[in-house]
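# Summary of structural features
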Amino acid sequence: MARPAGRAARPGGRHGRRSELVLRLSNFADYGVVIMTAAARAGGQLVAASHVAGQTGIPAPTVAKLMNHLARAGLLVSHRGVAGGFALARPASAITLAEIVEAIDGPIALTHCCGRHPEGCDLLDLCSVRPHWEPVNRAVRHALAGVTLATLALRPEVPTPEEASA
């Protein structure tokens with residue numbers, strides 16, 4: 001059935017439900033967090049991109065690209081040479097989830113008008129809601145800044161199959 005002129009479709013289909021998550025990290029930011037967690041678990045030892053790729057299942061070229069990006073952002077340090085690799089630039093307890101996400105994706109912004117390219121919004125000059133997004137963005141950033149890499153690097157206690165069956 002055709003929709004009457006001037007009526008937009010409801011987001012997420014007939015009942016307004018979405019089949020995807022609304023707020024989520026980009027794949028690269030997610031991978032960056034996984035890579036930084038692997039580096040934190042190395043306990044100060046240098047890790048090669050190929051080793052991290054093997055541990056995490058992230059393709060090696062992607063790991064290498066992101067590790068270089070994280071090094072340029074000051075979260076990792078790179079040591080060149082045969083025995084080279086990457087290590088955390090600071091203790092894991094001094095690196096936050098917000099820093100990792102922002103190193104990959106840029107400033108945390110839930111809407112276009114508060115992000116890197118506010119001109120991407122057609123309603124920019126008319127929007128009365130725009131001033132209210134910045135406190136929301138600060139709250140999200142504050143929540144992510146409250147999670148350290150040290151916390152992310154903790155291994156969850158999962159019982160072995162033998163312990164589970166006992």
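Residues numbered from 1 in each chain as written. Predicted model: local features only at pLDDT ≥ 70, side-chain atom pairs only at ≥ 80, totals over all residues. Heavy atoms only, no water.

In this fold, valine 33 is placed in helix α1 (residues 27-41). Considering only alpha carbons, one finds valine 33 and alanine 98, 65 residues apart in sequence, at a separation of 9.9 Å. Other than its neighbours up to four places away in sequence, valine 33 contacts Leu97, Ile100 and Leu152. (Helix = DSSP H or I, 4+ residues; strand = E, 2+ residues; numbered from the N terminus. Contact = heavy atoms within 4.5 Å.)

Let us now look at a nonpolar patch on the surface. Judged by side-chain polarity, Leu23, Leu110 and Val136 come together as a nonpolar surface patch covering roughly 240 Å² of accessible area. Inspection of the secondary structure puts valine 136 in helix α5 (residues 130-145). (Patch = residues over 30% accessible without salt bridge, like charges linked within 9 Å, V, L, I, M, F, W, Y side chains within 5 Å. Areas by Shrake-Rupley, 256 points an atom, 1.4 Å probe, with all protein chains shown as cover. Salt bridge = Lys/Arg side-chain N within 4 Å of Asp/Glu carboxyl O.)

When the pLDDT values of the chain are averaged, the result is 82; 74% of them are 70 or greater. Within the chain, helix α3 (residues 60-72) carries the highest mean pLDDT (97), whereas helix α7 (residues 161-165) carries the lowest (62). Taken together, the stretch residues 1-10 has pLDDT below 50 and engages in four contacts with residues farther than four places along the chain or on a different chain. (pLDDT = per-residue confidence, 0-100.)

As paired elements, strand β1 (residues 76-79) and strand β2 (residues 85-88) share four bridges and run antiparallel to each other. Directly across from serine 78, in β2, lies its bridge partner phenylalanine 86. Counting the residues that bridge the hairpin from β1 to β2 gives five residues, and of these glycine 81 lies at a positive phi of roughly 115°. (Pairing = 2+ DSSP bridges.)

Our focus in this paragraph is the pattern of salt bridges. Within this structure, the stated rule accounts for two salt bridges. Note that arginine 90 is salt-bridged to glutamate 99, the shortest N-O span being 2.6 Å. For glutamate 102, the salt bridge identified is with arginine 141, shortest N-O distance 2.9 Å. Highlighted residues: glutamate 102 in helix α4 (residues 97-105) and arginine 141 in helix α5, separated in sequence by 39 residues. For glutamate 102, a relative accessible area of 23% gives the class partly exposed. Owing to a relative accessible area of 30%, arginine 141 belongs among the partly exposed residues under this scheme. (Buried < 20%, exposed > 50% of the residue type's maximum accessible area, 1.4 Å probe, protein only.)

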